[in-house]
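Residue strings, one per chain:
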Amino acid sequence: LLRSSQPLTGPNRRRCREDEKLLGTILDEGERGFIIDTRSAQAAKQARMSGGGTEPKSSYPQWRRLHRALDRGRPLQESFARLVEACSDPSLSMDRWLGRLDGSRWLSHVKAALSTACLAAQCLDREDSKVLVHGAEGTDTTLLVTALAQLILDPSCRTLEGFLGLLQREWIEAGHPFHVRCARSASSHARGKQEAPLFLLFLDCVWQLSRQFPLSLEFGEQLLLTLSDNAYASAYGTFLCNSEKERSLCKVKESTHSLWAWLEQPEEKHKYLNPLYSHNPLVIWPSVEPQSIQLWQGFFLRWIRPSQHLQEAWDEIQRLVEGN
């Protein structure tokens, strides 16, 4: 599973022979690979008309391109804002609530992300093929798909330690620009041009996996909520800056503490573990049918509905499991 950190062609050049050579060395003779392009076919076509976009299919004869468009900028931000506004309005009737939920299209974004990740996982697991995930910049939807695909395929990524390692590798080190994407509160009405809740979308997708496979993830919802909070406001340096280069220049590692180190302390770790966890060595294929994708109430409604009884139930489950 590979990710592209830059377009397969740059502005004003028709071919990139370095890319052709690189992708040519990945596949053996007669082997087939898949390029999953998270841009829309129309966006790629428009970019190609200006001298970039994509190279001709003939330049990559062993690779098959699949377009699976995923929104990453303003459409995703506006979708999230509409859902937050609907969740914050207690006066809505049932019909209006369902209409606002559907109109936000947030669950459609969740479904699209999981569907694309499943496609990448299927190419790897069932087709036994190499997969390159390609996006506009390689630091947003590309990371979303590769991280989810690894969760689906690899049981080691479903442990607490493995999941934090996945975040470090696929989001932090791969260069997701947390500083500009999470510049303000996720629920703020003021929107910066580059703000977008890509990481929150990823966490929502992980929650969907945990709901459909409640025994297969070692960590619980509380970890996902803690990560969402720290992505926007944190006492730790893990999510600071936009890239590893910026973190190095700002000496983040030398000047701040790591969120991962804090979460893995024994006295903290137990708060985030799933008491029902049982190692599952199999691939977990999530359902992406509309009725299978649900609103993440623990995040979107946590300031509205009381969580006391849910926490008490969770504590009782943990007590019973430990007692046995």
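Residues numbered from 1 in each chain as written. Predicted model: local features only at pLDDT ≥ 70, side-chain atom pairs only at ≥ 80, totals over all residues. Heavy atoms only, no water.

1. Describing the overall build of the chain
Convention followed: Numbering of helices and strands runs from the N terminus, with a helix taken as a DSSP run of H or I at least four residues long and a strand as a DSSP run of E at least two residues long. Only protein chains enter the area calculation, which uses a 1.4 Å probe; residues under 20% of their type maximum are buried, those over 50% are exposed, and those in between are partly exposed. Throughout, a residue-residue contact means that at least one pair of heavy atoms, one from each residue, lies within 4.5 Å. Areas reported as accessible are Shrake-Rupley estimates using a 1.4 Å probe. Residue values count occlusion only from the protein chains shown.
When helices and strands are tallied, the chain shows 16 helices and four strands. Considering the chain as a whole, with its 324 residues, one finds that 48% of them fall into the buried category. Counting only contacts in the chain whose residues sit at least 6 apart along the sequence, the fraction spanning at least 24 positions is 79%. Counting every atom, the chain has about 16600 Å² of accessible surface; 52% of that belongs to carbon and sulfur.

2. Details of the nonpolar core
When a protein is soluble and globular, its nonpolar side chains tend to lie buried together. What counts here: Among buried residues, those of type Ala, Val, Leu, Ile, Met, Phe, Trp, Tyr and Cys that are joined through side-chain atoms within 4.5 Å constitute a nonpolar core.
In terms of nonpolar packing, the biggest core is built from 74 residues, with Phe-163, Phe-199, Phe-202, Leu-227 and Phe-300 touching the most fellow members. Discounting chain neighbours no more than four positions away, the residues touching Phe-163 are Leu-151, Ser-156, Cys-157, Phe-202, Val-206, Phe-219, Leu-223, Leu-224 and Leu-227. Leu-23, Ile-35, Trp-63 and Leu-132 belong to the second largest nonpolar core, which has six residues in total.

3. Focus on the layout of surface pockets
Heads up, the condition is: The distinction between a cavity and a pocket rests on a 1 Å grid over the protein atoms alone: a 1.4 Å probe fits inside a cavity but cannot get out, while a pocket stays open yet meets protein on both sides within 12 Å along at least five of seven lines, and a residue with an atom within 4 Å of a point counts as lining. Grid points are joined across faces, edges and corners, and a volume is the space filled by probe spheres set on the points. Each residue gets one of three labels, nonpolar for Ala, Val, Leu, Ile, Met, Phe, Trp, Tyr, Cys and Pro, charged for Asp, Glu, Lys and Arg, and polar for the others, Gly among them.
Estimates place the volume of the largest pocket at around 920 Å³. In terms of lining residues, the largest pocket is bounded by 32 residues, among which Trp-207, Glu-221, Gln-222, Leu-310 and Trp-314 are the most central. Contributing elements (two or more residues each) for the lining of the largest pocket: helix 9 (198-212), helix 10 (221-232), helix 15 (297-300) and helix 16 (308-323). Considering each element in turn, the lining of the largest pocket owes the most residues, seven residues, to helix 16. Tallied by class, residues from the lining of the largest pocket come to 15 nonpolar, eleven polar and six charged.

4. Looking at the packing of aromatic side chains
Note the threshold: Between rings of Phe, Tyr and Trp, where Trp is taken as its six-membered ring, a pair exists when centres lie within 6.5 Å; planes separated by under 30 degrees are stacked, by over 60 edge-to-face, and by other angles tilted. Charge over a ring is defined by NZ of Lys or CZ of Arg lying within 6 Å of the ring centre and within 35 degrees of the ring normal.
Scanning all chains against the criterion turns up 17 aromatic pairs. Measuring from ring centre to ring centre gives 5.8 Å for Phe-239 and Trp-260, while their planes differ by 85°; the resulting arrangement is edge-to-face. Within this pair, whereas Phe-239 is found in the loop between helix 10 and helix 11 (244-249), its partner Trp-260 is found in helix 13 (residues 259-263), the two being separated by 21 residues in sequence. Judged by its relative accessible area of 7%, Phe-239 falls in the buried class. With a relative accessible area of 10%, Trp-260 lands in the buried category. Three or more aromatic residues joined by ring pairs make a cluster, and in this case those are Phe-163, Trp-171, Phe-178, Phe-199, Phe-202, Phe-219, Phe-239 and Trp-260. A cation over a ring is seen here: Arg-126 above Trp-285, with NZ or CZ 4.5 Å from the ring centre.

5. Thoughts on the side chain of Ser-129
Applicable threshold: The definition of a polar contact used here is a pair of N or O atoms within 3.5 Å, where within protein one atom must be able to donate a hydrogen and the other to accept one, and adjacent residues in sequence count solely through side-chain atom pairs.
Within the secondary structure, Ser-129 is located in the loop between helix 5 (106-125) and strand 4 (130-134). Within the structure, Ser-129 has its side chain in polar contact with the backbone oxygen of Arg-32 (distance 3.5 Å). Setting aside residues up to four positions removed in sequence, Ser-129 forms contacts with Arg-32, Phe-34, Cys-123 and Leu-124.

6. Structural notes on the confidence of the model for the chain
Rule in force here: How sure the predictor is of each residue is captured by pLDDT, a score from 0 to 100.
Summing up the model confidence of the chain, the mean pLDDT is 88 and the portion of residues at 70 or higher is 90%. Low pLDDT (under 50) marks residues 9-13, which in the prediction has eleven contacts with non-local residues, meaning those over four places away or in another chain.

7. Overview of the pattern of salt bridges
Rules: Think of a salt bridge as a Lys or Arg side-chain nitrogen and an Asp or Glu carboxyl oxygen that are within 4 Å of each other.
Tallied over the full model, the rule gives 13 salt bridges. In this structure, the salt-bridge partner of Arg-32 is Glu-127, at a minimum N-O distance of 3.4 Å. Within this pair, whereas Arg-32 is found in the loop between helix 1 (17-26) and strand 2 (33-37), its partner Glu-127 is found in the loop between helix 5 and strand 4, the two being separated by 95 residues in sequence. Taking the relative accessible area as the measure of exposure, Arg-32 reaches 39% and is therefore partly exposed. Judged by relative accessible area, which is 44%, Glu-127 ranks as partly exposed.

8. Some points on the sheet that holds strand 3 (residues 63-67)
We apply this condition: A pair of strands counts as paired when DSSP detects no fewer than two bridges linking them. Convention adopted: a line fitted to C-alpha atoms gives each axis, helices being fitted over their contacting stretch, and angles between N-to-C directions are expressed from 0 to 180 degrees.
Taken together, four strands build an open sheet; the order of strands is 1-4-2-3 and the sheet is parallel. The open sheet has two free edges, formed respectively by strand 1 (2-3) and strand 3, since each of these has just one partner strand. Pairing between strand 2 and strand 4: five bridges, direction parallel. For Gly-33, the partnering residue across the bridge sits in strand 4 and is Lys-130. Sitting on the sheet, helix 5 touches strand 2, strand 3 and strand 4, and the angle it makes with strand 2 is about 170°.

9. A word on the pairing of strand 2
Burial analysis of strand 2 places five of its five residues in the buried class, the great majority of the element. With burial as the criterion, each face of strand 2 is covered, one bearing Gly-33, Ile-35 and Asp-37 and the other bearing Phe-34 and Ile-36. Sheet analysis places strand 2 next to strand 3, joined by five bridges and oriented parallel. Residue pairing across strands places Asp-37 opposite His-67, the latter belonging to strand 3.

10. Quick look at helix 9
For clarity, the cut-off: The span one expects for a helix is its residue count, reduced by one, times 1.5 Å.
Helix length check: helix 9 (15 residues) gives 21 Å between terminal C-alpha atoms against 21 Å at 1.5 Å per residue, within 8%. Counting buried residues along helix 9, 13 of its 15 residues qualify, which places the element largely inside the surrounding structure.

11. Description of the packing of helix 9 against helix 10
For clarity, the threshold we go by: By the definition adopted for this analysis, an angle is roughly parallel if under 35 degrees, roughly antiparallel if over 145, roughly perpendicular if from 65 to 115, and oblique otherwise.
One way to put it is that helix 9 packs onto helix 10 with a least axis distance of 10 Å and a crossing angle of 180°. On the basis of the axis angle, helix 9 is roughly antiparallel to helix 10. On helix 10, the residues touching Phe-199, Leu-200, Leu-203, Val-206 and Trp-207 of helix 9 are Glu-221, Leu-224, Leu-227, Ser-228, Ala-231 and Tyr-232. When grouped by side-chain class, the residues that make up the contact of helix 9 with helix 10 number nine nonpolar, one polar and one charged.

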